[in-house]
Amino acid sequence: MKMYAVKDNRELEVTNDAEKSALIKQGYDIIDEKGKLIAAGRGKTVPYEQYETIKAENEKLKAENKKLKEDKK
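So, a few notes on the structure that sits alongside this text.

What follows is about the environment of Ala18. For Ala18, the location among the structural elements is in helix α1 (residues 17-25). By relative accessible area, Ala18 is classed as exposed at 60%. Considering only alpha carbons, one finds Ala18 and Glu64, 46 residues apart in sequence, at a separation of 45 Å.

By way of backbone hydrogen bonds, the strands of a sheet pair with one another, either parallel or antiparallel. With antiparallel pairing, 4 strands are arranged side by side in an open sheet as β2-β1-β3-β4. The open sheet has two free edges, formed respectively by β2 (10-14) and β4 (37-39), since each of these has just one partner strand. Across this sheet, the average inter-strand angle for adjacent strands is 35°, counted without regard to direction. As defined by bridge partners, strand β3 (residues 29-32) adjoins β4 across 2 bridges and the pair is classed as antiparallel. When the sheet's bridge partners are listed, Ile30 is paired in β4 with Ala39.

Counting residues in hydrophobic clusters, the biggest one holds 7 residues: Met3, Ala5, Val14, Leu23, Tyr28, Ile30 and Ala39. Not counting chain neighbours up to four residues away, the residues in contact with Ile30 comprise Met3, Tyr4, Ala5, Val14, Lys20, Leu23, Ile24, Lys36, Leu37, Ile38 and Ala39.

Turning next to the environment of Tyr48. Among the secondary structure elements, Tyr48 is positioned in helix α2 (residues 48-72). As a C-alpha pair, Tyr48 and Arg10 span 38 residues in sequence and 19 Å in three-dimensional space. Ignoring sequence-local partners within four residues, the contact set of Tyr48 consists of Leu37 and Ala40. Within polar-contact distance, the side chain of Tyr48 engages the side chain of Glu52 at 2.8 Å.

Conventions adopted
Residues numbered from 1 in each chain as written. Predicted model: local features only at pLDDT ≥ 70, side-chain atom pairs only at ≥ 80, totals over all residues. Heavy atoms only, no water. Helix = DSSP H or I, 4+ residues; strand = E, 2+ residues; numbered from the N terminus. Buried < 20%, exposed > 50% of the residue type's maximum accessible area, 1.4 Å probe, protein only. Pairing = 2+ DSSP bridges. Axes fitted to C-alpha atoms, helices over the stretch in contact; angles between N-to-C directions. Core = buried A, V, L, I, M, F, W, Y, C linked by side-chain atoms within 4.5 Å. Contact = heavy atoms within 4.5 Å. Polar contact = N/O pair within 3.5 Å; in protein donor to acceptor, adjacent residues only side chain to side chain.

Structure, rendered in structure tokens:
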């Protein structure tokens with residue numbers, strides 16, 4: 001499985017675990033070839049798991065709000 005380190009507009013191929021650890025410490029996110037996050041880079045202001053939870057809740061609430069507005073009309 002190929003892994004990539006992504007930060008800002010840079011994308012680097014990760015070849016081994018030592019390189020992966022070093023890049024995480026530098027703030028790079030590690031993703032697989034399908035774009036799924038494997039490890040979040042150091043220095044994030046919000047833990048990635050918390051961000052994903054809040055993002056999913058926000059999308060759910062937006063859809064519910066849209067439905068309620070349509071029902072009201």
